[in-house]
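Fold and geometry: a report
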Amino acid sequence: MFKFTPKVHNSIENVIEDKDFLFDLGDCYGSPYNVLIPENIDENIKSFQDVFKQNNVVGKIFYAHKCNKSKAIIKQMLKNNICIDVASLGELIDVVSCGFCGDKIEATGPKNDDFIILGLQHKITFNVDNFSELDTIVKYHKKLGIKGAVKILIRLNNFHSDETKIINKVSRFGFPISEFENVLDFVSEHRDVFNLIGISFHLDTVNMIEKIIAIENCISLFEVMFDRGFEPYVLDIGGGFKLNYIEDKAQWNESISELKEDIATGKNSLTWNGKTFGLSVKNNILHGTLNIYNYYDELVKEKFLDAILQTKLSKYQNRKIAEILSENMIELYIEPGRSLLDNVGFNVAKVNFTKMDAKGNTLVGLDMKRSDLLIGEQEMFVDPILVSQKENQKKDDCGVFFIGNLCMENDMIFNRKVFLETVPQKDDLIVFMNTAGYFMDFDQSTTLGQKVATKVILSKKGNGKYKQYTDENFNPFKE
Ligand SMILES: Cc1ncc(COP(=O)(O)O)c(C=O)c1O
């Protein structure tokens, strides 16, 4: 059976079991709306911190703010006393307004002058991307009369290994590692402006080998920096610690095989208008790779970090990365986004209508658009949950396509069929699980005047009941 049953955290299960509550929220806020339970962040943070402790590594967590716009989430991060990574002027303003001070803020990504100016004024750490940025920091450091040097990390890319062949995708972020000496020259010339605390990378991959190679490359640069008279103490390995969204491994594997077979045989009965997610068929043989996120994964979150730290580097007498870091008194910075928001939120949309297409497929029209749930072309291979107040519903043997509320042919919530127990009907609610990391609001828009989902914050009180807040008004320090 073509199914991608979501894993559901106990606390979230309790909330969605209360159907009347979900429908009341829908009546109050309209469709779509998003629910966040900030307290669920705490266990995610603790599990990363435990891994630092078990490996004797001094570590700092910088939550990557970009993966959710919620201010309630930012405040919950602050309550946990962790740091934060911002990638724009707007994000910097957000986190400062939520109570973060400069010593806990790091700026990554491309930066305009206004972002740099406000960052300098708040004495944040700059994760530097290019020479022009270094120039701009020098310029405004002088103009603003900033006292003391600014903490910087140098972001690097294009790592290599003598032992393992990797296909290096060219990255647009950071300096190629071959430029490192030139960057040090520049920083050396402005020692009054820059306090070089270390180096960093963030790889757009969940491939562990690529991360290990990057770490090995970076460790070797510490000696170079010491030789040049710097006193670096930080290695920042970015984010990308993966997440598991799916309940059952066997079901995931079987459903993916079913999808491939459906495409290979040319039936294309499971996808909308012949979508193949990167696969193609030539002479009855399937080519290419299924271009989707691994929604089922076992080595995720803190386990992925632990596996990295436990990896032995042959270049360093087969010592574990954790040992090399602690012996050399190198602090490890990580920038997790998605993995800190595991089990923290879900999206809800109302069914506007159902209808048949020319091929006899059932289409379920939701009062939401694709960008209320998904990022660009990414397809979420996690089934939603149907919440209905009606009885005697029709059994869903054929699957349905969920379509959005924009006047656009491509506004498909999913480009694949979804098989639920029963066919959704008008006014039912459809709940999309574990969406707080990116899916919830990364691409949100008011296209065609359609609303942006309202965020509802739930916080558990002493009596075990959840109290509701708006995103702006939730403040865990008041609790
Ligand atoms: C520089 C940087 N750090 C951290 C992250 C967070 O990655 P993830 O949410 O996969 O942990 C990103 C995501 O794009 C990023 O660009």
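Remember, it's a predicted structure, so these values are computed and weren't measured experimentally. (Residues numbered from 1 in each chain as written. Predicted model: local features only at pLDDT ≥ 70, side-chain atom pairs only at ≥ 80, totals over all residues. Heavy atoms only, no water.)

Quick look at the packing of aromatic side chains
Applying the stated criterion across every chain yields a total of 23 aromatic pairs. Ring geometry for Phe131 against Phe175: centres 5.1 Å apart, planes inclined by 75°, an arrangement best described as edge-to-face. One end of the pair, Phe131, is in helix 7 (residues 131-143); the other, Phe175, is in strand 7 (residues 175-176), and 44 residues separate them in sequence. Accessibility expressed as a relative area gives 3% for Phe175, which makes it buried. On the numbers, 6.3 Å between centres and 65° between planes, the contact of Phe131 with Phe186 is edge-to-face. Placement of the pair is Phe131 in helix 7 and Phe186 in helix 8 (residues 180-189), with a sequence separation of 55 residues. Classification of Phe186 as buried rests on a relative accessible area of 13%. Linked through ring pairs, Phe2, Phe4, Tyr245, Trp252, Phe277, Tyr293, Tyr295, Phe381, Phe419 and Phe439 together constitute an aromatic cluster. The ring of Phe230 has Arg191 sitting right over it, with the charged end atom 4.1 Å from the ring centre. Looking at Arg416, its charged tip hangs above the ring of Phe414, at a distance of 4.6 Å from the centre. (Phe/Tyr/Trp six-rings, centres within 6.5 Å; stacked < 30°, edge-to-face > 60°. Helix = DSSP H or I, 4+ residues; strand = E, 2+ residues; numbered from the N terminus. Buried < 20%, exposed > 50% of the residue type's maximum accessible area, 1.4 Å probe, protein only. Lys NZ or Arg CZ within 6 Å of the ring centre and 35° of its normal.)

Some thoughts on the nonpolar core
Ranked by size, the top nonpolar core spans 90 residues in total, and within it Met77, Phe126, Ile199, Leu235 and Leu305 carry the most contacts. Looking at this core, the element that brings in the most residues is helix 9 (residues 208-227), giving 9 residues. Of the residues that make up this core, three or more belong to each of domain 1 (10-37 + 344-478) and domain 2 (40-242 + 295-341). The contacts of Met77, once residues within four sequence positions are left out, are Ile41, Ile45, Tyr63, Ile82, Phe100, Leu340 and Leu341. Membership of the second largest hydrophobic core comes to 37 residues, among which are Phe2, Phe4, Tyr295 and Phe414. (Core = buried A, V, L, I, M, F, W, Y, C linked by side-chain atoms within 4.5 Å. Domains from an automatic or database assignment. Contact = heavy atoms within 4.5 Å.)

Regarding unusual backbone geometry
Omega for the peptide link from Ser31 to Pro32 comes to 0°, which places this bond in the cis form. Considering the arrangement of structural elements, one finds Pro32 in the loop between helix 2 (19-29) and strand 1 (33-36). Although it is not a glycine, Lys301 adopts a positive phi angle of roughly 50°. Its place among the elements puts Lys301 in helix 11 (residues 301-310). What makes Lys301 buried here is its relative accessible area of 12%. You will see that Leu448, though not glycine, has its phi angle at about 60°, which is positive. For Leu448, the position within the fold is in the loop between strand 19 (429-432) and strand 20 (454-460). Owing to a relative accessible area of 56%, Leu448 belongs among the exposed residues under this scheme.

With respect to the domain arrangement of the protein
Domain boundaries assigned for the protein yield domain 1 (10-37 + 344-478), domain 2 (40-242 + 295-341) and domain 3 (249-287). In this structure, domain 1 and domain 2 have C-alpha centres spaced 34 Å apart. With 27 residues of domain 1 at the interface, the matching set in domain 2 holds 19 residues. Counting each side, the surface lost to burial between domain 1 and domain 2 is near 1,900 Å², with a carbon and sulfur contribution of 55%. Between domain 1 and domain 2 we count 0 salt bridges in total. (Buried area = accessible area lost by both parts, 1.4 Å probe. Salt bridge = Lys/Arg side-chain N within 4 Å of Asp/Glu carboxyl O.)

Topic: the site of the ligand
With respect to spatial proximity, 13 residues lie near the ligand, and among them Gly240, Glu335, Gly337, Arg338 and Tyr438 are the closest. Note that an oxygen atom of the ligand is positioned 3.4 Å from one of the side-chain N or O atoms of Lys66. Contact between the ligand and Gly240: an oxygen atom at 2.8 Å from a main-chain N or O atom of the residue. When the ligand sits alone it has 390 Å² of accessible area, and the protein chains cover 83% of it. (Near = heavy atom within 4 Å. Polar contact = N/O pair within 3.5 Å; in protein donor to acceptor, adjacent residues only side chain to side chain. Areas by Shrake-Rupley, 256 points an atom, 1.4 Å probe, with all protein chains shown as cover.)

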